[in-house]
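Fold and geometry: a report
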Amino acid sequence: MIPIDPGDTADDVVAKAAQVTPTPAQLAWQRTELSGFVHFGPNTFTGREWGTGAEVPDDFAPTALDTRQWAAAFAAAGFGRVIGVAKHHEGFCLFPSRYTEHSVAASRWHDGSGDVVRGFVDAMRERDIAVGLYLSPADLFEAQPGRRYANGSEPRSVTVPTLVPGDDRADAVADGSLPTFELDLDDYNACFVNQLYELLTEYGPVEEVWLDGANPTDREQPYAWEAWFEVISTLQPDAVVFNGRSVRWVGNESGVARESEWSVLPFVGDPATTRMRNEVADEEAADLGSRARLADPRATFLDWYPAECDASIVDGWFWTEDKRPLALDELTSMYLASVGRNGVLLLNVAPDIRGLIPADQVARLRELGDWVRTTYDDEALVDHGRIGAIVLREAIELGQLIEAFEVDGLVEGSWQRLATGTTIGHKRILVLDAPVVVDSLRVRVTAARAEGATAEVAGSTAHDNAGGE
């Protein structure tokens, strides 16, 4: 994170932008390229996308839940990270939280002794898949009359974890082996932070914490973002936070990044502020990081804030019986428009009422993984021969510098321009109009934010994206 000084010229700001680099956690996140998402909960059984909060715990009744099947499906497709929903907007916790009666502990599933989050985390670790957890800030169960969401309570000093009668953590808190926090929180934020604490202390390492700003009520509930991020950064310092300080929403739920996707963005406000929803441009804007954005007089600092591109393999996030997965060419187009444009693709699957990912979704995941491995993995790339696409990379650990480039191929003894573009970042994939036979490839950087900007270039034998455009 680099401050912009009042006396900085436009050139000074560009030079500073060239010095911004990712953290090790952000770099590991970017190199994963393919992340999975699993939406499963009461909505699976009620057929809703967003629940109401009035569901009863016994609505949650999977007959054959197998988180190892989930992990196997993602592993076979080459996904290196998977995010599980620990609580969605209806407020039902898929773990036995001490701070709500609306959880698996109150359901008939496993006689109230089940823990989906435990099974999810253990299954992913068995496959060496990085773990992410989504705890919805919105909570429609807590928004019911007499409960805590938007109840108008004033912030007060709260010790987190807030021990409950018979709490099995009391000794660990007393001897200091479990950290504590003194935070100013209203009633709902106290509940939420305590649930966050449970997830971040009882399930081992968490590589990504996934948060959003949705509020499906007509009432205002302030979110204590600063307190949330203090707890996350203390308990899981190596985790990236979606919608927080580390990773941003790309601006749509179609898995599509911008043609020019910058990871270095200008921000407004105090650089020490933890909450970072204060980009110069709106998060859905077409341009977030160009020289014009960097020159915005409101900008006070620069930071690395890469794009996560979320989408679902079915229409919607939760399963219903009539949903079928997207066609392979739709998924390969999505890959090219996300991973191929300096983003990470976060692809959701929807387990059914059994608690299994349906066979057609599993098959499509595998087909996508096979396509990536045979066309765009390092082993599939070549620097000459008959190619149908070009793959470029910057060494982003040194920053994102390239603003424009041209790629040439040596064809029958003469250099011919094959492709042009703007940003590269971690990876840029350009599909050619038609395959071409080349003896060699070269990339020419025609505009950059600093001298010495370089990119790796290779070709792929793929001449289309599995039948799509």
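Residues numbered from 1 in each chain as written. Predicted model: local features only at pLDDT ≥ 70, side-chain atom pairs only at ≥ 80, totals over all residues. Heavy atoms only, no water.

1. Here's the deal with the layout of surface pockets
Note the threshold: A cavity here means a set of 1 Å grid points, computed over protein atoms only, where a 1.4 Å probe fits but cannot escape. A pocket is an open set with protein on both sides within 12 Å along at least 5 of 7 lines, and lining residues have an atom within 4 Å of a point. Grid points are joined across faces, edges and corners, and a volume is the space filled by probe spheres set on the points. Each helix is a run of DSSP H or I of at least 4 residues and each strand a run of E of at least 2, with the numbering of both proceeding from the N terminus. Charged residues are taken to be Asp, Glu, Lys and Arg, nonpolar residues to be Ala, Val, Leu, Ile, Met, Phe, Trp, Tyr, Cys and Pro, and polar residues to be all remaining types, Gly included.
Its boundaries defined by the atoms lining it, the largest pocket holds a volume of some 410 Å³. Along its surface, the largest pocket is lined by 21 residues, and Thr23, Pro237, Ala239, Arg245 and Ser246 are the ones closest to its centre. Where the lining of the largest pocket is concerned, the elements lending two or more residues are α2 (24-32), α8 (225-235), β8 (240-242) and β11 (301-304). Residues belonging to the lining of the largest pocket are distributed by class as follows: 11 nonpolar, seven polar and three charged. The volume enclosed by the second largest pocket comes to roughly 320 Å³. Forming the walls of the second largest pocket are 18 residues, and the residues nearest its centre are Trp210, Asp212, Ala214, Glu253 and Asp310. Grouping the amino acids of the lining of the second largest pocket by side-chain chemistry returns eight nonpolar, five polar and five charged.

2. Quick word on the pairing of strand β20 (residues 456-460)
Heads up, the rule is: Two strands form a pair only when DSSP identifies at least two bridges running between them.
Two elements, strand β14 (residues 381-382) and β20, share two bridges in a ladder whose sense is antiparallel. For valine 382, the partnering residue across the bridge sits in β20 and is glycine 459. Pairing analysis gives five bridges linking strand β15 (residues 385-393) to β20, with the strands arranged antiparallel. For leucine 392, the partnering residue across the bridge sits in β20 and is valine 457.

3. Some thoughts on empty space enclosed by the protein
Tallying each qualifying case throughout the model produces two cavities of 30 Å³ or more. In this model, the largest cavity occupies a volume close to 70 Å³. Lining the largest cavity are Val38, Phe40, Trp70, Gly84, Val85, Leu94, Val116, Val117, Phe120 and Leu133. Broken down by secondary-structure element, the contributors of at least two residues to the lining of the largest cavity are β3 (81-87) and α5 (116-126).

4. With respect to the sheet that holds strand β12 (residues 307-312)
Stated formally: When checking whether two residues touch, look at their non-hydrogen atoms; a contact exists if any pair is within 4.5 Å. All axes are obtained by fitting lines to C-alpha atoms, using only the stretch in contact for helices, and the reported angles, taken between N-to-C directions, cover 0 to 180 degrees.
The eight strands are arranged β8-β7-β4-β3-β2-β13-β12-β9 in an open sheet whose pairing can be described as parallel. The outermost strands of the open sheet, each flanked by one partner alone, are β8 and β9 (248-249). Judged from the six bridges that link them, β3 and strand β4 (residues 130-135) form a sheet pairing that is parallel. Residue arginine 81 lies in a different strand from β4, and its bridge partner there is alanine 130. Lying over the sheet, helix α4 (residues 67-76) contacts β2 (34-38), β3 and β13 (343-349), oriented at roughly 155° with respect to β2.

5. Some remarks on the side chain of glutamate 308
Put simply, the rule is: Accessibility here uses a 1.4 Å probe with only protein chains present; expressed as a share of the type maximum, an area under 20% marks a residue as buried, one over 50% as exposed, and anything in between as partly exposed. None of His or the chain ends enter the tally, which takes Lys and Arg as positive and Asp and Glu as negative. Salt bridges, as used here, are contacts in which a Lys or Arg side-chain nitrogen is within 4 Å of a carboxyl oxygen on Asp or Glu. Between N or O atoms, a polar contact is any pair within 3.5 Å; within protein, one atom must be a potential hydrogen donor and the other a potential acceptor, and residues adjacent in sequence are included only when both atoms are from side chains.
Residue placement: glutamate 308 occurs in strand β12. There is no salt bridge for the buried glutamate 308, and the closest opposite charge comes from arginine 81, which lies 6.5 Å off by N-O distance. Within the local environment of glutamate 308, its side chain forms a polar contact with the side chain of tryptophan 29, the two groups lying 3.1 Å apart. Setting aside residues no more than four positions away along its own chain, glutamate 308 makes contact with Trp29, Glu208, Trp210, Phe242, Val247, Arg248, Trp249, Val250, Val344 and Leu346.

6. Comments concerning the environment of glycine 369
For glycine 369, the location among the structural elements is in helix α11 (residues 359-375). On the basis of relative accessibility, which here comes to 1%, the residue glycine 369 falls in the buried class. Distance from glycine 369 to tyrosine 149, taken between C-alpha atoms, is 41 Å for residues 220 residues apart in sequence.

7. Overview of the packing of α4 against α5
Just so we agree on the cut-off: By the definition used in this description, the sense in which the near helix is turned from the far one sets the handedness, with an anticlockwise turn below a right angle giving left-handed and a clockwise turn giving right-handed.
At a minimum axis distance of 8 Å, the contact between α4 and α5 shows a crossing angle of 35°. Along this stretch, α4 crosses α5, giving a crossing that reads as right-handed. Along the contact surface, α4 presents Thr67, Arg68, Trp70, Ala71 and Phe74, while α5 presents Val116, Gly119, Phe120, Ala123, Met124 and Glu126. Grouping the amino acids of the contact of α4 with α5 by side-chain chemistry returns seven nonpolar, two polar and two charged.

8. Re unusual backbone geometry
With omega at 5°, the peptide bond leading from valine 160 into proline 161 counts as cis. Along the chain, proline 161 turns up in the loop between β5 (156-160) and α6 (170-174). Within the chain, alanine 150 stands out as a residue other than glycine whose phi angle is a positive 55°. Considering the arrangement of structural elements, one finds alanine 150 in the loop between β4 and β5. By relative accessible area, alanine 150 is classed as buried at 15%.

9. Quick notes on the pattern of salt bridges
For the structure on display, the rule yields 34 salt bridges. Between arginine 248 and glutamate 261 there is a salt bridge, with the nearest N and O atoms lying 2.8 Å from each other. You can see arginine 248 sitting in strand β9 and its partner glutamate 261 sitting in the loop between β9 and β10 (264-267), a full 13 residues away along the chain. Of the two residues examined, arginine 248 and glutamate 261, each falls in the buried class. A salt bridge links aspartate 370 to arginine 373; the nearest nitrogen and oxygen atoms lie 2.7 Å apart. Of the two residues, aspartate 370 and arginine 373 are both situated in helix α11; the distance of three residues between them amounts to about one turn of the helix. On the basis of relative accessible area, aspartate 370 is assigned to the partly exposed category, the value being 33%. Classification of arginine 373 by relative accessible area gives partly exposed; the value is 33%. Through salt bridges with shared partners, one network takes in Arg98, Asp167, Asp168, Arg169, Glu198 and Glu202.

10. Some remarks on the sheet that holds β11
Strand order in the open sheet made by the three strands is β1-β11-β10, with antiparallel pairing throughout. Each having just a single partner strand, β1 (2-3) and β10 make up the two edges of the open sheet. Along the sheet face, helix α1 (residues 10-17) touches β1, β10 and β11 and points at about 25° away from the line of β11.

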